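A look at the structure
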Amino acid sequence: MEGAWDIAFVLFQVWMSIVAGLIVLPAMFGVSLGFTDIYIKVLIKTLEWATLRIQRGQKEQPALPSQSANGIIEKHDGSMEEEIGELRRSHPKNLAGGDFTLCDAFYFCKKGIENIVEDQVTQRFTSEELASWNLLTRTNNNFRYISVRLTIMWGLGVFIRYCILLPLRITLASIGLSWLVIGTTLVGLLPNSNAKNWLSDLVHITCYRICARGLSARIRYHNKENRPKKGGICVANHTSPIDIVILANDGCYAMVGQVHGGLMGVIQRSMVRSCPHVWFERSEMKDRHAVAKRLKDHIADKTKLPILIFPEGTCINNTSVMMFKKGSFEIGGTIYPVAIKYDPQFGDAFWNSAKYNMVSYILRMMTSWAIVCNVWYLPPMTRQDGEDAVHFANRVKSAIAQQGGLIDLSWDGGLKREKVKESFKEEQQKMYSSMIQDLTEKNGLQKTYTV
Amino acid sequence: MGSTNSTLLKIPNVEVLMQETGFSPAHIIRLHDRFKALDKEGRGYLCPQDFGAIKELAMNPIGDRIIGAFFSPGKETVDFHAFVKILAHFRPVDKDRPKEPNSPEPINSRSNKLKFAFQLYDQDKDGKISRDELLKVLRAMLGMQVTEEQLESIADRTIQEADLDRDDAISFEEFRKSLEKVNIDHKMSIRFLR
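Just so it is clear, the model here is predicted, and its values are computed rather than measured.

1. Examining the overall build of chain B
In terms of helices and strands, chain B carries 12 helices and four strands. Considering only residue pairs separated by 6 or more positions, chain B has 54% of its internal contacts joining residues 24 or more positions apart. On chain B, roughly 9,500 Å² of surface is accessible, and the fraction owed to carbon and sulfur atoms is 52%.

Here you go:
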């Protein structure tokens, strides 16, 4: 028995030194040994091979257009005027075009049925569908059994992901987080000085780098000259809690959020010891003025790190950007927009908080192939004179959507929990009435003339 | 792998459903996923509130009528079969379908599409759109944007144009005749991408 324990212990030591030597140490110094790059290259080749096999297997099916993988029905984006105009033109008695005709209802009927089959809001809260399968069971919707070889590849993939990658990643994540807690607590013991800030930054970045390795993340940063500076506010689109790790790998930010209990709480408390973050109690969150004041005070102090805020307020599935809440844009200061786009081929980063809790989400992340994403730093923006916060927020949102190749929506992400306001329906009615009233008014005039 | 077939097996009488509606297996699966997504509590059927939760439908002026079309008179629930059958009205017309003399008319024929639209107007299902019913639809589509007089004049004009037998109501045949030239297939069809 003792012999078995000894062997186990030796194996454990070997395992830990490999991990430490090949992964943790290079991560601390920001050096990449190139393992992730090789891994990703092999992965791409494998997935391409798998795609070819699937396409060959599906040849007997009619060729379907490989469109944006997120719509299931064809939508004609004509405006209400165009669509109803087309309907009316085919009506024989409609000479002037502008009268109500019985077929007007068809427009609303079709739109309604389209929305029953697929609507813009719910669609943004489900994971993006892939055009071709990436050998993960969870993304397998349309793909049926093709060949033995493909099944073997898939089986091999499961083995590699669950038995080799998962333990490795869990080890790294635990090392990273413990390092964060211990390191920040130690740094917190020092008196305030430049050295303390430098050490705090080092501890934070190292921890996030280790965590990024723990997710097999390959991140590309573009336009690094626009990186957020101290005293500013960094604003980004939100897809998952991993966004924080992605951004913090290349710079230090002051986090904003609610105080949690449990493990999160421990991490939060130790982080705040080494450099100021902004953590709110639940009760404080309701008071918008108190929140705004704290944030204002933070950015007024030019020695403090830039704040990181996600104005959508909730996780969206990375195909679009939803309404930015104006709160962050009323504080003043310089806004540094950042666009984050994940490549869904290697792993779906979207956190569907209704479907998965945090733990199952992290497990899913750690059993994906990899997290590959692009981060674009956009030039800083400030609120112009006479511009209101909502308009400014929309301006920033459009810039981010355009850079990241995401669809710019004005729906509120919070709508997934609330009801739609009556005013939306009134707008539709107003638009429709403008297509009739002109002629109704003209008719009224004509009647008086003929009399 | 093979999860497609297992999903299909979970749906009862799926073969009959596919034959009646003409949807392909892939479409049935998508509609089933959508049905499950709308059925948040997993009860196996939908009620009007589940439809009301769709944001864009809530802002559609005749959204309530469209929702009503899914529920047979007196029933408060709609199961997956009925859901798919109603949506089958909006399948594009099958141009290459051979005309078998004894087979029933497919759900997505031009005539059935028109009947669906007719029912949005004819809420009491007496086969005619009365002046009153027309006024109600106009009020729904225009809301507070027009006065009562304007609504009445629009309704009067519409009935005048379409009502051929002078009974002050629009029957289905008159409805159909009035919309002869409209491209129903294009305007009342929804194409699935996959």
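Next comes the rest of the account.
2. A look at the overall build of chain A
Counting its regular elements, chain A contains 15 helices and nine strands. Relative to all contacts within chain A whose residues are 6 or more apart in sequence, the contacts with residues 24 or more apart total 77%. Summed over its atoms, the accessible surface of chain A is roughly 23,000 Å², and 61% of this surface lies on carbon and sulfur atoms.

3. Observations concerning the sheet that holds strand β2 (residues 233-236) of chain A
In any sheet, the strands associate via hydrogen bonds between backbone groups, in a parallel or an antiparallel arrangement. All names here are of chain A. Here we have seven strands laid out as an open sheet, ordered β1-β8-β7-β2-β5-β3-β4, and mixed in their pairing. Looking at which strands have only one partner, the edges of the open sheet turn out to be β1 (217-222) and β4 (278-280). Across the sheet, the mean angle from the axis of one strand to that of its neighbour is 25°, orientation sign disregarded. As defined by bridge partners, β2 adjoins strand β5 (residues 307-309) across three bridges and the pair is classed as parallel. Its bridge partner lying in β5, V235 is registered against I309.

4. Topic: the UniProt feature "transmembrane region" (unreviewed entry) in chain A
UniProt annotation of "transmembrane region" (unreviewed entry) refers to residues 12-35, 146-164 and 170-190 of chain A when read in the numbering used here. Helix makes up 90% of residues 170-190 of chain A and strand 0%, with an end-to-end C-alpha separation of 31 Å.

5. Some thoughts on the packing of helix α6 (residues 148-188) of chain A against helix α12 (residues 358-366) of chain A
Residues and elements named next belong to chain A. Running from N to C, α6 and α12 cross one another at 120°; their axes reach a closest spacing of 9 Å. By the angle class used here, α6 and α12 are oblique. Facing α6, whose interface residues are L166, R169, I170 and A173, α12 presents L363, M365 and M366. Among the residues forming the contact of α6 with α12, the class breakdown is six nonpolar, no polar and one charged.

6. Structural notes on unusual backbone geometry
Residues and elements named next belong to chain A. Its identity is not glycine, yet S216 carries a phi of approximately 50°, on the positive side. Mapped onto the elements, S216 comes out in the loop between α7 (194-213) and β1. Of note in this structure, N223 is not a glycine but carries a positive phi near 55°. By relative accessible area, N223 is classed as partly exposed at 32%.

7. Some thoughts on a nonpolar patch on the surface
Residue and element names in this part refer to chain A. On the surface, V10, V14, I18, L22 and F35 cluster together to form a nonpolar patch covering roughly 440 Å² of accessible area. With four residues, the single largest contributor to the nonpolar patch is helix α1 (residues 2-28). Topologically, F35 is positioned in helix α2 (residues 35-57).

8. Overview of empty space enclosed by the protein
Over the atoms, a rolled probe matching the size of one water molecule traces out where space is still vacant. All names here are of chain A. Enumeration over the complete set of coordinates arrives at six cavities of 30 Å³ or more. Taken together, E128, T239, N317, N318, K341, Y342, D343, P344, G347, D348, A349 and F350 form the lining of the second largest cavity. Looking at the lining of the second largest cavity residue by residue, the classes come out as four nonpolar, four polar and four charged.

9. A few points about the nonpolar core
Core analysis: the biggest nonpolar cluster contains 75 residues, and F100(A), F106(A), I28(B), F51(B), F83(B) and F175(B) have the highest contact counts within it. Top contributing element to this core by residue count: helix α4 (residues 104-117) of chain A, with eight residues. Not counting the four nearest positions on each side in its chain, I28(B) is found in contact with L8(B), I11(B), V14(B), L17(B), M18(B), F23(B), F80(B) and V84(B). Among the nonpolar cores identified, the runner-up in size contains 39 residues, and L308(A), C315(A), I340(A) and F350(A) belong to it.

10. Observations concerning the side chain of N249(A)
Residue and element names in this part refer to chain A. Here N249 is to be found in the loop between α8 (242-248) and β3 (254-258). Overall, the relative accessible area of 11% leaves N249 in the buried class. Among the polar contacts listed, one links the side chain of N249 to the backbone oxygen of Y208, at a separation of 3.4 Å. From its side chain, N249 meets the backbone oxygen of V245 in a polar contact 3.1 Å long. Among residues more than four places away in sequence, those in contact with N249 are I205, Y208, R209, A212, I219 and Y221.

11. Looking at the pattern of salt bridges
Where charged atoms from two side chains of opposite charge come close, those side chains can pair. Here the structure, examined in full by the defined rule, presents 17 salt bridges over all chains. The network of salt bridges with shared partners includes K224(A), R227(A) and D250(A).

12. What to know about the packing of aromatic side chains
Per the counting criterion, the structure on display carries 16 aromatic pairs over all chains. With a centroid separation of 6.0 Å and 65° between ring planes, the pair formed by Y121(B) and F175(B) is classed as edge-to-face. Separated by 54 residues along the polypeptide, Y121(B) in helix α8 (residues 110-121) and F175(B) in helix α11 (residues 172-178) bring together distant segments of the chain. Summarising the burial analysis for this pair, Y121(B) and F175(B) share the class buried. Through a chain of ring-to-ring contacts, the aromatic side chains of F35(B), F51(B), F70(B), F71(B), F80(B) and F83(B) assemble into a single cluster. Positioned above the aromatic ring of W369(A), the side-chain terminus of R161(A) is 5.3 Å from the ring centre. Across from the ring centre of F23(B), 6.0 Å away, lies the NZ or CZ of R91(B), which sits over that ring.

13. Focus: the environment of I210(A)
Residues and elements named next belong to chain A. Within the secondary structure layout, I210 lies in helix α7. The exposure class of I210 is buried, given its relative accessible area of 2%. Along the sequence, I210 and R169 sit 41 residues apart, while their C-alpha atoms lie 9.7 Å from each other.

14. Some words on helix α9 (residues 131-142) of chain B
Relative to the 16 Å expected for 12 residues at 1.5 Å per residue, α9(B) spans 16 Å between its end C-alpha atoms, a close match to the ideal helical length. Residues of α9(B) that are buried include every one of E133(B), L134(B), L135(B), V137(B), L138(B), M141(B) and L142(B), and no others. Buried-residue contacts for α9(B) involve α4 and α14 (422-433) of chain A together with α6 (63-68), α8, β3 (128-130) and α10 (148-162) of chain B. Two residues or fewer past α9(B), G143(B) is found with a positive phi of approximately 60°.

Basis of the calculations
Residues numbered from 1 in each chain as written. Chains lettered and ligands numbered in written order. Predicted model: local features only at pLDDT ≥ 70, side-chain atom pairs only at ≥ 80, totals over all residues. Heavy atoms only, no water. Helix = DSSP H or I, 4+ residues; strand = E, 2+ residues; numbered from the N terminus. Contact = heavy atoms within 4.5 Å. Areas by Shrake-Rupley, 256 points an atom, 1.4 Å probe, with all protein chains shown as cover. Pairing = 2+ DSSP bridges. Axes fitted to C-alpha atoms, helices over the stretch in contact; angles between N-to-C directions. UniProt positions renumbered as here; feature names shortened; annotations may be inferred. Parallel < 35°, antiparallel > 145°, perpendicular 65-115°, else oblique. Nonpolar A, V, L, I, M, F, W, Y, C, P; charged D, E, K, R; others polar. Buried < 20%, exposed > 50% of the residue type's maximum accessible area, 1.4 Å probe, protein only. Patch = residues over 30% accessible without salt bridge, like charges linked within 9 Å, V, L, I, M, F, W, Y side chains within 5 Å. Salt bridge = Lys/Arg side-chain N within 4 Å of Asp/Glu carboxyl O. 1 Å grid on protein atoms, 1.4 Å probe; cavity = no way out; pocket = protein on both sides within 12 Å on 5 of 7 lines; lining within 4 Å. Points joined across faces, edges and corners; volume = space filled by probe spheres on them. Core = buried A, V, L, I, M, F, W, Y, C linked by side-chain atoms within 4.5 Å. Polar contact = N/O pair within 3.5 Å; in protein donor to acceptor, adjacent residues only side chain to side chain. Phe/Tyr/Trp six-rings, centres within 6.5 Å; stacked < 30°, edge-to-face > 60°. Lys NZ or Arg CZ within 6 Å of the ring centre and 35° of its normal. Expected span 1.5 Å × (residues − 1).

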